[in-house]
Amino acid sequence: MFYYGDNMNNSKIIIGKRIRKFRQRQGLTQHDLAERIGVTEKQISKIETGIHYPKFENFVKILDSLDISLKEFSEDIDQENDYSSSRKSLVKIFNKFSDIEIEYIVSVAKELEKLKKKAENSKY
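Residues numbered from 1 in each chain as written. Predicted model: local features only at pLDDT ≥ 70, side-chain atom pairs only at ≥ 80, totals over all residues. Heavy atoms only, no water.

J.: Tell me about the overall build of the chain, and name the residues and values.
T.: Of regular secondary structure, the chain possesses eight helices and zero strands. For the chain, the sequential pattern of α-helices and β-strands runs α-α-α-α-α-α-α-α. Burial status across the chain gives 34% buried among its 124 residues. When contacts within the chain are restricted to residue pairs at least 6 apart in sequence, those whose partners lie at least 24 apart make up 67%. With the model as given, the accessible surface of the chain reaches about 8100 Å², and the carbon-plus-sulfur share is 51%. (Helix = DSSP H or I, 4+ residues; strand = E, 2+ residues; numbered from the N terminus. Buried < 20%, exposed > 50% of the residue type's maximum accessible area, 1.4 Å probe, protein only. Contact = heavy atoms within 4.5 Å. Areas by Shrake-Rupley, 256 points an atom, 1.4 Å probe, with all protein chains shown as cover.)

If you want it as structure tokens, here you go:
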């Protein structure tokens, strides 16, 4: 789950609005974006309306397909969301990394996500 802010519903809406903003800026429809990242148009709609978070790997694909960096995506997010100081610190730290460093962090996060799922599955 990709998460910004203390209020989960608010963060879903903010992420969705920002994705819509960047998609529309490029003149793409929800169908176009869905096709580019391999999901349904309905899934894009649910993300953009704040019903669902994008899966982390889909979020990365969205950024890639819209040709925007994580830094660009999060640049003015502080103005849109009043989120915890620890999350603000994390965003500020990410903004200092190069694209290559961000790619490495994403790969580490994916591995952590796999470990988390494995741990959750072993509980049953």
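Alright, that's what it looks like, and here's the rest.
J.: Outline the side chain of Lys12, listing residues and values.
T.: When you line up the elements, Lys12 lands in helix 1 (residues 8–25). Buried and unpaired, Lys12 has no salt bridge, with Glu113 as the nearest side chain of opposite charge at 14 Å. (Lys, Arg positive; Asp, Glu negative; His and termini not counted. Salt bridge = Lys/Arg side-chain N within 4 Å of Asp/Glu carboxyl O.)

J.: Can you break down the packing of aromatic side chains residue by residue, with the values?
T.: How two aromatic rings sit relative to each other is given by the distance of their centres and the angle of their planes. Under the criterion given, the structure shown has two aromatic pairs. Summarising the aromatic geometry, the rings of Phe59 and Phe73 are spaced 5.1 Å apart at their centres and angled 80° between planes, so their arrangement reads as edge-to-face. Of this pair, Phe59 sits in helix 4 (residues 56–65) while Phe73 sits in helix 5 (residues 70–74), and the two are 14 residues apart along the sequence. Residue Phe59 is classed as buried on the basis of its relative accessible area of 2%. Assessed through its relative accessible area of 1%, Phe73 is described here as buried. Aromatic rings pair up to connect Phe22, Phe59 and Phe73 into one cluster. (Phe/Tyr/Trp six-rings, centres within 6.5 Å; stacked < 30°, edge-to-face > 60°.)

J.: Can you explain the packing of helix 2 (residues 30–37) against helix 3 (residues 41–48)? Please cite residues and give values.
T.: In contact at an axis separation of 8 Å, helix 2 and helix 3 are set at 110° when each is read in the N-to-C sense. When the interaxial angle is binned, helix 2 and helix 3 end up roughly perpendicular. Helix 2 and helix 3 meet at a crossing whose hand is right-handed. Side by side, helix 2 and helix 3 meet where Gln30, His31, Leu33, Ala34 and Ile37 of the first sit next to Glu41, Ile44, Ser45 and Glu48 of the second. In terms of residue class, the contact of helix 2 with helix 3 is made up of four nonpolar, three polar and two charged. (Axes fitted to C-alpha atoms, helices over the stretch in contact; angles between N-to-C directions. Parallel < 35°, antiparallel > 145°, perpendicular 65-115°, else oblique. Left-handed = near helix turned anticlockwise from the far one by under 90°. Nonpolar A, V, L, I, M, F, W, Y, C, P; charged D, E, K, R; others polar.)

J.: Before we move on, can you summarise the nonpolar core with the specific residues and values?
T.: Core analysis: the largest hydrophobic core is formed by 22 residues, its most contacted members being Ile19, Leu33, Leu66 and Phe73. Among the elements of the structure, helix 1, helix 2, helix 3, helix 4, helix 5 and helix 8 (99–122) are those that each provide at least two residues to this core. Ranked by residue count, the leading element in this core is helix 4, at five residues. Ignoring sequence-local partners within four residues, the contact set of Ile19 consists of Leu33, Ile47, Glu48, Pro54, Phe59, Ile62, Leu66 and Phe73. (Core = buried A, V, L, I, M, F, W, Y, C linked by side-chain atoms within 4.5 Å.)

J.: I'd like to hear about helix 3, residue by residue, with values.
T.: Note that an α-helix has 3.6 residues per turn; residues three or four places apart therefore point the same way. Regarding helix 3, the residues found buried are Ile44, Ile47 and Glu48. Each buried residue of helix 3 sits inside an arc of 95° when the element is viewed along its axis, so together they form one side. (Arc of directions from axis to C-beta.)

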